[in-house]
Amino acid sequence: MCNCKNVELGSFDNQIQIDHCSLLHPIWVDACIADEVIHLLSRGVKTTASCCGHNKTIPSIVVAPESVKLMEELGYKHFNNVCIRRGPYARTFFYAKSVKCSLWIKLTKVWLPYLWHNIIDDL
Ligand SMILES: [Zn+2]
């Protein structure tokens, strides 16, 4: 679980600024997941958008398509974002390692939407 309390999804509360040598400019990242993002930047991963989940959705690391293979080599597991099902960005979403979420969040945010979009929706 992350340290967020009453942080709405899509808000920029609880973010900190990172200025890493691999970046062209500073970026803002959820404080709960910042250490992991800095570690990945140091390993050469290009992160594009990451979110601690705010105890409401999946804690995720999102990367540029060219960093997908490196994330897999680092042992990161994909999760299916049902909003982006096709194209070069479909496999760019990974579960964060440093922040975990409840089984309820996985059930309601990943598994049930996956069933809906891949099985029920096709019937
Ligand atoms: Zn958080």
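Residues numbered from 1 in each chain as written. Predicted model: local features only at pLDDT ≥ 70, side-chain atom pairs only at ≥ 80, totals over all residues. Heavy atoms only, no water.

**Student:** Any chance you could break down the pattern of salt bridges for me, citing the residues and the numbers?
**Tutor:** Applying the stated criterion across every chain, the model contains 4 salt bridges. Notably, a salt bridge pairs Lys-46 with Glu-66, separated by 3.3 Å at the nearest N-O pair. Placement of the pair is Lys-46 in the loop between α1 (34-42) and β3 (47-51) and Glu-66 in the loop between β4 (60-63) and α2 (68-73), with a sequence separation of 20 residues. Taking relative accessible area as the criterion, Lys-46 reaches 47% and is therefore assigned partly exposed. When the shortest N-O distance is used, the salt bridge between Glu-72 and Arg-91 registers 3.4 Å. With Glu-72 in helix α2 and Arg-91 in the loop between α2 and β5 (93-95), this pair connects stretches of sequence that are 19 residues apart. Residue class for Glu-72 comes out partly exposed when judged on its relative accessible area of 35%. (Salt bridge = Lys/Arg side-chain N within 4 Å of Asp/Glu carboxyl O. Helix = DSSP H or I, 4+ residues; strand = E, 2+ residues; numbered from the N terminus. Buried < 20%, exposed > 50% of the residue type's maximum accessible area, 1.4 Å probe, protein only.)

**Student:** Just give me the short version of the sheet that holds β5, but keep the residues and values in it.
**Tutor:** Spatially, the 3 strands line up as an open sheet ordered β3-β4-β5, and their pairing is antiparallel. With one partner strand each, in any of the chains shown, β3 and β5 form the two edges of the open sheet. Across the sheet, the mean angle from the axis of one strand to that of its neighbour is 20°, orientation sign disregarded. Taken strand by strand, α1 contacts β3 and β4, and its axis lies near 160° from that of β3. (Pairing = 2+ DSSP bridges. Axes fitted to C-alpha atoms, helices over the stretch in contact; angles between N-to-C directions. Contact = heavy atoms within 4.5 Å.)

**Student:** Could you give me a rundown of the nonpolar core, with the residues and numbers involved?
**Tutor:** Counting residues in hydrophobic clusters, the biggest one holds 22 residues, and the most contacted among them are Ile-33, Val-37, Leu-40, Ile-61, Val-63, Met-71 and Tyr-76. Among the elements of the structure, α1, β4 and α2 are those that each provide at least two residues to this core. Among the elements that make up this core, the one with the highest residue count is α1 (4 residues). Excluding residues within four positions of it along the chain, Met-71 makes contact with Leu-40, Val-45, Ile-61, Val-63, Tyr-76 and Phe-94. With 8 residues, the next largest nonpolar core counts Phe-79, Phe-93, Tyr-95 and Val-110 among its residues. (Core = buried A, V, L, I, M, F, W, Y, C linked by side-chain atoms within 4.5 Å.)

**Student:** Let's hear about the coordination of the zinc ion: which residues, and what values?
**Tutor:** Geometrically, a metal with four donors at the corners of a regular tetrahedron has ideal angles of 109.5 degrees, and one with six donors at the corners of a regular octahedron has ideal angles of 90 or 180 degrees. Around the zinc ion, the protein supplies Cys-2 (SG), Cys-4 (SG), Cys-32 (SG) and Cys-52 (SG) as donor atoms, at distances of 2.2 to 2.5 Å. Given the relative accessible area of 1%, Cys-52 is considered buried. (Donors = N, O, S within 2.8 Å, 3.2 Å for Na, K, Ca; no water.)

**Student:** An account of α1 is needed here, citing residue identities and associated values.
**Tutor:** Considered for burial, the residues of α1 that qualify are Ala-34, Glu-36, Val-37, Leu-40 and Leu-41. Looking straight down α1, one finds its buried side chains confined to an arc of 160°; they lie on one side. Turned more than 90 degrees off the buried face of α1, the exposed positions are Asp-35 and Ser-42. Close packing links the buried residues of α1 with β1 (15-18), β2 (27-30), β3, β4 and α2. The first or second residue beyond α1 is Gly-44, which carries a positive phi of 95°. (Arc of directions from axis to C-beta.)

**Student:** Break down a nonpolar patch on the surface for me, with residues and values.
**Tutor:** Where nonpolar side chains cluster on the molecular surface, the patch consists of Leu-103, Trp-104, Leu-107, Trp-111, Leu-112, Tyr-114, Leu-115, Trp-116, Ile-119 and Ile-120 and spans about 1,000 Å² of accessible area. Inspection of the secondary structure assignment puts Ile-120 in helix α3 (residues 103-120). (Patch = residues over 30% accessible without salt bridge, like charges linked within 9 Å, V, L, I, M, F, W, Y side chains within 5 Å. Areas by Shrake-Rupley, 256 points an atom, 1.4 Å probe, with all protein chains shown as cover.)

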